[in-house]
Amino acid sequence: NEFLDEEDLDKLEVRPPIVTIMGHVDHGKTTLLDYIRNSKVVASEAGGITQGIGAYQVLVPVDGNPQACVFLDTPGHEAFGAMRARGAKVTDICIIVVAADDGVRPQTNEAIAHAKAAGVPIIIAINKVDKEGANQERVMQELSQIGLMPEMWGGDTPMIQISALKGENVDELLETVMLVAELQELKANPHRNAKGTVIEACLDKAKGPLATLVVQNGTLNKGDILVCGEAFGKIRAMYDDRGSLVDQVGPSNAVQIIGLNNVPLAGDEFESVDDLDVARERANARADAMRIERISAKAG
Ligand code: GDP
């Protein structure tokens with residue numbers, strides 16, 4: 001993990017996996033994420049209206065104990081690809097949805113290529129198995145031809161047959177996610193200043209620049225001073241995926257923040273620093289560096 005430093009090594013604690021769902025259009029990404037989001041919330045908050053901050057935390061029972069898992073709602077793999085092109089690595093596990101009545105399609109191949117290039121483990125969700133014309137066997141054959149051999153055929157790619165629409169086998173899919181996460185031994189040091197990546201940002205007419213940040217190391221607090229790509233500022237408020245105000249978030253969690261002077265870009269890294277002057281200086285230095293990069297790119 002590029003977000004870990006030497007000083008973190010003796011303070012590491014297990015962190016939740018960060019998962020992205022990808023796949024060909026209409027194969028069921030949105031349906032699957034909606035089902036997961038609506039069925040796997042903290043009991044006391046069930047039925048709450050979720051806010052579109054681009055990331056959701058759900059609790060998955062593992063041996064009866066609820067364990068956190070974070071899903072990124074990036075609008076397809078364009079965002080994932082753009083972030084990867086900018087060198088951002090946020091995802092720990094990639095679920096690739098393949099519709100059983102349609103099979104491997106161009107965007108399936110792209111998603112697999114992205115995940116492989118980023119070195120992210122792949123779990124295949126063979127979706128729409130409830131549909132007439134569903135042919136799981138054919139999907140597994142197509143996948144094995146492009147180098148993803150199903151576990152049940154002796155390979156090492158987990159492939160779970162689901163119906164996202166009916167919620168069938170989604171539990172098993174989530175258990176598989178947690179199993180793969182456990183093998184990855186995902187860790188971070190919550191006892192330090194926060195570092196991570198911007199996954200979404202926009203300008204809100206009332207609130208000013210809004211950014212959704214994924215904390216990849218450390219703990220982020222309300223009032224922290226951030227340098228965030230070419231932007232900087234002091235966090236005035238943080239919201240979770242239910243739109244509730246929060247004061248503190250630890251590793252793997254996502255929050256939407258207000259307080260930056262500018263809108264950062266998806267894929268920008270952020271870090272909390274000691275004072276506003278340092279933040280301003282570093283943001284300006286970064287803006288200068290980017291300007292020089294753009295000029296020299298133009299000059300060929
Ligand atoms: P996305 O483009 O990958 O996000 O796909 P959507 O989630 O929007 O799904 C596309 C269509 O497939 C919608 O009409 C869904 O209701 C339908 N769909 C998704 N999952 C299933 C499933 O498991 N079974 C059936 N029968 N339809 C599904």
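What comes next concerns the included structure. (Residues numbered from 1 in each chain as written. Predicted model: local features only at pLDDT ≥ 70, side-chain atom pairs only at ≥ 80, totals over all residues. Heavy atoms only, no water.)

### Focus: the overall build of the protein chain
Counting its regular elements, the protein chain contains six helices and 17 strands. The globule rule puts the C-alpha radius of gyration for 300 residues at 19 Å, and the 20 Å found for the protein chain is close to it. Principal axes of the C-alpha set define a box for the protein chain whose edges measure 60 × 55 × 45 Å. Relative to its 300 residues, the protein chain shows a buried fraction of 50%. Residue pairs at least 24 apart in sequence account for 73% of intrachain contacts in the protein chain once pairs closer than 6 positions are excluded. Total accessible area on the protein chain stands at roughly 14,300 Å², and carbon and sulfur atoms take up 48% of it. (Helix = DSSP H or I, 4+ residues; strand = E, 2+ residues; numbered from the N terminus. Rg over C-alpha atoms; globule rule 2.2 N^0.38 Å. Buried < 20%, exposed > 50% of the residue type's maximum accessible area, 1.4 Å probe, protein only. Contact = heavy atoms within 4.5 Å. Areas by Shrake-Rupley, 256 points an atom, 1.4 Å probe, with all protein chains shown as cover.)

### A word on the nonpolar core
Counting 27 residues, the largest nonpolar core has Leu32, Phe71 and Ile95 as its most contacted members. Elements with a contribution of two residues or more to this core: β2 (18–23), α1 (29–39), β3 (55–62), β4 (65–72), β5 (93–99), β6 (122–127) and α5 (170–184). Top element by residues in this core is α5. It accounts for seven residues. If sequence neighbours within four positions are ignored, isoleucine 95 has contacts with Val19, Thr20, Ile21, Met22, Leu32, Phe71, Ile123, Ala125, Leu173 and Val177. Counting residues in each nonpolar core, the second largest holds 18 residues, with Ala115, Val120, Ile126 and Met140 among its members. (Core = buried A, V, L, I, M, F, W, Y, C linked by side-chain atoms within 4.5 Å.)

### Some remarks on the site of the ligand
Taken together, 15 residues lie near the ligand, and Asp26, Lys29, Thr30, Thr31 and Asp130 sit nearest. In the environment of the ligand, an oxygen atom lies 3.1 Å from a nitrogen or oxygen atom belonging to the side chain of asparagine 127. Here lysine 128 contributes a side-chain N or O atom positioned 3.0 Å from an oxygen atom of the ligand. When the residues that make up the shell around the ligand are grouped by side-chain class, the tally is three nonpolar, seven polar and five charged. (Near = heavy atom within 4 Å. Polar contact = N/O pair within 3.5 Å; in protein donor to acceptor, adjacent residues only side chain to side chain. Nonpolar A, V, L, I, M, F, W, Y, C, P; charged D, E, K, R; others polar.)

### Focus: the packing of aromatic side chains
Across all of its chains, the model carries zero aromatic pairs by this definition. It is arginine 37 that lies over the ring of tyrosine 56; its NZ or CZ is 4.3 Å from the centre. In this arrangement the basic side chain of lysine 207 is found over the ring face of tyrosine 239, its NZ or CZ atom lying 4.7 Å from the centre. (Phe/Tyr/Trp six-rings, centres within 6.5 Å; stacked < 30°, edge-to-face > 60°. Lys NZ or Arg CZ within 6 Å of the ring centre and 35° of its normal.)

### A look at α1
Three or more residues of α1 are buried, namely Lys29, Leu32, Leu33, Ile36 and Arg37. Down the axis of α1, the buried side of the element spans an arc of 125 degrees, and every buried residue falls inside it. Exposed residues pointing more than 90 degrees away from the buried face of α1 are listed as Thr30 and Asn38. Those residues of α1 that are buried are in contact with β2, β3, β4, β5 and α5. (Arc of directions from axis to C-beta.)

### Concerning unusual backbone geometry
Positive phi, close to 75 degrees, is recorded for aspartate 26, a residue that is not glycine. Inspection of the secondary structure assignment puts aspartate 26 in the loop between β2 and α1. The class of aspartate 26 is exposed, set by a relative accessible area of 63%. Phi at lysine 128 takes a positive value of approximately 65 degrees, unusual for a residue other than glycine. Relative to the helices and strands, lysine 128 is located in the loop between β6 and α4 (136–145).

### Focus on the sheet that holds strand β7 (residues 159–161)
Pairing is mixed across the open sheet formed by six strands, whose spatial order is β3-β4-β2-β5-β6-β7. Each edge of the open sheet is held by one strand with a lone partner, namely β3 and β7. Across the sheet, the mean angle from the axis of one strand to that of its neighbour is 30 degrees, orientation sign disregarded. In this structure, β5 lies alongside β6, joined through six bridges in parallel fashion. Looking across to β6, one finds that isoleucine 96 is bridged to isoleucine 124. Lying on the sheet, α5 is in contact with β2, β3, β4, β5, β6 and β7; it crosses β5 at an angle near 150 degrees. (Pairing = 2+ DSSP bridges. Axes fitted to C-alpha atoms, helices over the stretch in contact; angles between N-to-C directions.)

All we've got here are geometric facts, nothing functional implied.
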